[in-house]
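Spelled out, the chains give:
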Amino acid sequence: MATRIAQRREQSYVAGEWLESENTISVSDLADGGTFAQVAAADRAVAEAALEAAHEIKPELRETTVVERAQWCEEIAAGIREREEELTEVIVREAGKPISSARGEVEQAATRFDRAAEEARNIVSKGEYREGSTEGHEGWQAIVKHEPIGSVLCITPYNYPLATTALQVAPALAAGNSVVLKPASKTPISAAILAAVIADVDGIPDGAFNFVPGEASEIGDVLAGDDRINAIAMTGSSSAGNHIARESGMVNLHMELGGNAPAIVFEDADLADVAGSCAKGSFKYAGQRCSAISRVIAHESIHDDLADLIEGQMDAWQAGDLFDEDTAFGPLISEEQADWVETLVDDAVEKGADLIRGGSRRAPEGVPEELGEQFFEPTLLANVPHDARIVDEEQFGPVAAITTFEDEDEALEIANGSDLALDASVFTSDHSRAMSVADRVDAGAVRINGPPSHGLGDIPFGGNKDSGIGREGLDASIHEMMRKKSIVL
């Protein structure tokens, strides 16, 4: 176990100044227990100051060049790498993420800033040229330019507190926008370090980046409902996204929300490969991922064999010291989240599902007593009835729930029956069927013969239905955070 670092105290950052606050948010230490840090709880006045700073700097930012902004992003990437060890430990403690995953998240965040610089250069340098092609417009010519959208409010989640923040902030800055960052209240410290990195970059005007940690109940509506904001980038729950959409009015909404990814498994699939993919898809970071495989929809002829094979994978997903490189599994973010997972598992069992393994709040030896209730065992449910809540609702927990189908149409009916439609997987050795089913699945992204994965953001991703608005990704996000202006000659 790593040596406990001294408790941190972080501040808000507005218009180039670090601000103290009378009120603070306590951040739990999910590795050792207790309180890991205190962060300033921005109040309405601080939120208003951040909005005004971001608004006032927009004209100056519009005059910056893509070369300048790309250099900022590259310097931020370098600053993240310089603080890799510190950021890795912070993510382990505030998010309860095993150190191997936390380290990878730091590098992913840095790479996203590097790649945002590349993508911004590419978009701006190309531009567009159009000619009139309708009667009466012969000879018309137009230059279509990309320009910043204005001010972007970034609302980030707890599960990838640095990587997802980078996916929002890097495109926004690269596109020439000012930023107001509101991090998740449970995991604001890695974002505070990012704010310090950005504050040290020469050339970024005061007010171009503002960091306002605080409770959503206090400042959420103040930020989202203000007409000085031109776009909102958000990753979070569907309920929170729906609330922000109602508050925000006429702004560009760019939201990745809840998920309940189905894995449709046909009888001709390589079941050993499927089992490994489903275990990883369900249990990685204790299932606290919007792209997690939440339900395995298996052909009835292979249900039992697949359940046995997934169970055989579960020994690899055991909890332990989060600073041990071999640990693959940690606590859930809170007792409330563990309560929710337990509710869904109990509902499935009460309706007839078979509890093959797990299903209890069992913490490993050596875990501090106050963290015990935040652990939920890797759990395998089989023969889950179609009316179980876990088939349709987001769980954000370490549960692989297997249900069955008779034919392709029924598989798609089950997969598309949820209000959530972010990711999906299809497992089959038949290429034609894979492509046909992928076309018919209602999801923003479909992975063939593998668990859902978003990677760095090279490929656009996002959700349908209640799973979001728009598409994320480095290129996709920059386009969402710019607007086109046609200059007609």
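Just so you know, these numbers come straight off a predicted model, no measurement behind them. (Residues numbered from 1 in each chain as written. Predicted model: local features only at pLDDT ≥ 70, side-chain atom pairs only at ≥ 80, totals over all residues. Heavy atoms only, no water.)

(A) Examining a negative patch on the surface more closely. Taken together, E22, D43, E215 and E218 make up a surface patch of like negative charges. Structurally, E218 is set in helix 8 (residues 216–224). Looking at E218, the relative accessible area reads 37%, which means it is partly exposed. (Patch = residues over 30% accessible without salt bridge, like charges linked within 9 Å, V, L, I, M, F, W, Y side chains within 5 Å. Areas by Shrake-Rupley, 256 points an atom, 1.4 Å probe, with all protein chains shown as cover. Salt bridge = Lys/Arg side-chain N within 4 Å of Asp/Glu carboxyl O. Lys, Arg positive; Asp, Glu negative; His and termini not counted. Charge placed at Lys NZ, Arg CZ, Asp CG, Glu CD. Helix = DSSP H or I, 4+ residues; strand = E, 2+ residues; numbered from the N terminus. Buried < 20%, exposed > 50% of the residue type's maximum accessible area, 1.4 Å probe, protein only.)

(B) The arrangement of the environment of D32 in detail. Structurally, the position occupied by D32 is in the loop between strand 4 (24–28) and strand 5 (35–40). Remark: the alpha-carbon pair of D32 and A109, spanning 77 residues in sequence, is separated by 25 Å. A distance of 2.9 Å separates a polar atom in the side chain of D32 from a polar atom in the side chain of R93. (Polar contact = N/O pair within 3.5 Å; in protein donor to acceptor, adjacent residues only side chain to side chain.)

(C) Structural detail: the domain arrangement of the chain. As assigned here, the chain comprises domain 1 (8–257 + 467–488) and domain 2 (261–448). Taking only C-alpha atoms into account, the centre of domain 1 sits 31 Å from that of domain 2. If you look at the interface, domain 1 gives 27 residues, while domain 2 gives 28 residues. Carbon and sulfur atoms supply 61% of the area buried between domain 1 and domain 2, which totals about 2200 Å² over both sides. Linking domain 1 with domain 2 are 1 salt bridge, by the criterion used here. Counting across the interface, domain 1 meets domain 2 through 8 residue pairs in polar contact (both at pLDDT 80 or more). Counting residues per element, the ones that place at least two in the side of domain 1 that touches domain 2 are helix 4 (84–95) and helix 5 (99–126). (Domains from an automatic or database assignment. Contact = heavy atoms within 4.5 Å. Buried area = accessible area lost by both parts, 1.4 Å probe.)

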